[in-house]
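# Reading the structure
Spelled out from the first residue to the last, the chains are:
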Amino acid sequence: MLKNKTSLLVFFCFLLFPSFICAEEVIKEWRPPDDGFDWVQLKNKEWLMGEIKSMYKESLEFDSDNLDMQNIDWEDVTYLKSARKSSINFEGIGEVTGVLEMSGDTIKMIDGDDVKEFNRAQVISLTPAGGHELDLWSLDWTLSLNVRSGNTDQVDYTTRFSTRRRSARSRVLIDYIGNISKTDAGTGELVETINNQRVSAGWDLYATRSFFWSPFFGEYYRDPFQNIDQRLTAGAGLGYTIIDTGKVEWNVSGCPAYQSVRYISVQPGEDDTITGGALVLATEYDHELTSKLDFIFNYNMTAASSDLGGYTHHMLVSVESEITSSFDFDVSLMWDRVGQPTTDAEGNTPEPDDFRLMVGLKWSI
């Protein structure tokens, strides 16, 4: 009898109310089981099962069991549950570790019988806790290659390598750019005309959702055609996030620095190694134009004394178009400038500006 009454009640529910109302209530009431997977629910009520990788800059990186790696706007996430412990950096509180369950604006961090509640507006970043070290790292590698043969043989080669280590409270950044060009200039023998190498590294600590500070920033640069055998820059400073919407991110930073430059050759009576103070300013702008198209602008300038090169800068503008989840088509423009180049022992003064247009393939893991 009870079973018949229940069936009759469900029948009248669908007769008296639109069916999508009843269906929506069922969806809201369902919660994922403890099955060893992480779960995320989106605004459109879709569920994804897989593994939480990280949440930085209002973007959740989630490795879906069926859809592979997904970058989801944080504002589109309505429910999130982790199967293992997560580490979350809360603004004004610090790092908290526990099993994560977020529903709406409430976040629960569960550690055994200890349950703590927070507001999702306090979240700066999150990562899985106690996992493999490799889970905290990401890597991008871009290769641009141009080979010409005929009346003039020429080989242009550019490689860019970028790796990041992200925890709930900090990030480590390591970037490398190398450019090499060789041409025969009609002589039949390839002669090197471009060879510059740049390695930069930084360590950022998140203080709030907007402020971060860098206990260390360093850069190594070499360009024999700019008469620079070695240029080392090291410093510490502060940074601020101006815009962070998930689709648009704009950071600025600055730091006092120590710089040392060793020149390949100099005029008689001059020192080939110069050291001194400098001011480094940088900005990073990343705009997700569409789901498959990104615009990235990076600019780094250094102000120093004239014998260190004066005003120098490194600018890189890129447009990346997604081919697959791991590969992007990359078009980039690079502009390096040394405001006051140093004349070598033979009286030759390098040009202050170097431009390079690169078309290549980017691989991300």
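Because the structure is predicted, anything quoted here is derived from the model rather than measured.

This part is about the nonpolar core. V40, L60, L80 and L100 are the most contacted members of the largest nonpolar core, which has 21 residues in total. Those elements that provide at least two residues to this core are β1 (38-42), β2 (47-56), β3 (59-64), β5 (77-90), β6 (94-103), β7 (106-111) and β9 (123-128). When near neighbours in sequence (up to four residues on either side) are disregarded, L60 contacts V40, I52, S54, M55, Q70, N71, I72, W74, V77 and L80. Counting residues in hydrophobic clusters, the runner-up holds eight residues, among them I228, Y263, L308 and V338.

Let's shift gears to the pattern of salt bridges. Tallied over the full model, the rule gives 17 salt bridges. Between K247 and D73 there is a salt bridge whose closest N-O contact spans 3.6 Å. Taken together, the positions of K247 in the loop between β15 (228-244) and β16 (248-263) and D73 in strand β4 (residues 68-73) put the pair 174 residues apart, joining distant regions of the chain. The partner of K247 in a salt bridge is E288, and the shortest N-O contact between them spans 3.8 Å. You can see K247 sitting in the loop between β15 and β16 and its partner E288 sitting in strand β17 (residues 273-290), a full 41 residues away along the chain. A single network of salt bridges, built from pairs that share partners, joins E51, K53 and R84.

Turning next to the pairing of β15. Inspection of the sheet shows strand β14 (residues 211-223) paired to β15 by 10 bridges, in the antiparallel sense. By the bridge assignment for β15, W213 is matched with L238. Hairpin connection, β14 to β15: the antiparallel pair is bridged by four residues, and N227 has positive phi, about 65°. Of the pairings in the sheet, the one linking β15 to β16 comprises 13 bridges and is antiparallel in character. For T233, the partnering residue across the bridge sits in β16 and is Q259. What sits between β15 and β16 in their antiparallel hairpin is a turn of three residues, with G246 showing a positive phi close to 95°.

Here we take up the packing of aromatic side chains. Ring pairs (aromatic) are described by centroid distance and by the angle formed between their planes. Summed over the entire model, instances satisfying the criterion amount to 11 aromatic pairs. Centre to centre, the rings of Y56 and Y206 are 5.9 Å apart; their planes meet at 40°, and the pair counts as tilted. Of this pair, Y56 sits in strand β2 while Y206 sits in strand β13 (residues 191-206), and the two are 150 residues apart along the sequence. Y206 carries the same exposure label as Y56, and that label is buried. Seen from their ring centres, F297 and Y299 are 6.4 Å apart, and the 0° between their planes marks the pair as stacked. F297 sits in the partly exposed class, given a relative accessible area of 24%. Its end group placed over the ring of W74, R120 keeps NZ or CZ at 4.9 Å from the ring centre. Stacked on the ring of F212, the Lys or Arg R171 has its end atom at 5.6 Å from the ring centre.

Judged by pairing direction, the barrel is antiparallel, and its 12 strands sit side by side in the order β10-β11-β12-β13-β14-β15-β16-β17-β18-β19-β20-β21 before closing back on the first. On average, adjacent strands in this sheet sit at an angle of 20° to one another, irrespective of strand direction.

Within the secondary structure, D344 is located in the loop between β20 (327-338) and β21 (353-364). Lacking a salt bridge, the buried D344 has R222 as its closest oppositely charged neighbour, with an N-O distance of 13 Å. In terms of polar contacts, D344 uses its side chain to reach the backbone amide nitrogen of N348, at 2.8 Å. In contact with D344, not counting residues within four places along its chain, are N227, S265, V266 and Q267.

The rules behind these values
Residues numbered from 1 in each chain as written. Predicted model: local features only at pLDDT ≥ 70, side-chain atom pairs only at ≥ 80, totals over all residues. Heavy atoms only, no water. Core = buried A, V, L, I, M, F, W, Y, C linked by side-chain atoms within 4.5 Å. Buried < 20%, exposed > 50% of the residue type's maximum accessible area, 1.4 Å probe, protein only. Helix = DSSP H or I, 4+ residues; strand = E, 2+ residues; numbered from the N terminus. Contact = heavy atoms within 4.5 Å. Salt bridge = Lys/Arg side-chain N within 4 Å of Asp/Glu carboxyl O. Pairing = 2+ DSSP bridges. Phe/Tyr/Trp six-rings, centres within 6.5 Å; stacked < 30°, edge-to-face > 60°. Lys NZ or Arg CZ within 6 Å of the ring centre and 35° of its normal. Axes fitted to C-alpha atoms, helices over the stretch in contact; angles between N-to-C directions. Lys, Arg positive; Asp, Glu negative; His and termini not counted. Polar contact = N/O pair within 3.5 Å; in protein donor to acceptor, adjacent residues only side chain to side chain.

What is shown is where atoms sit, not what they do.
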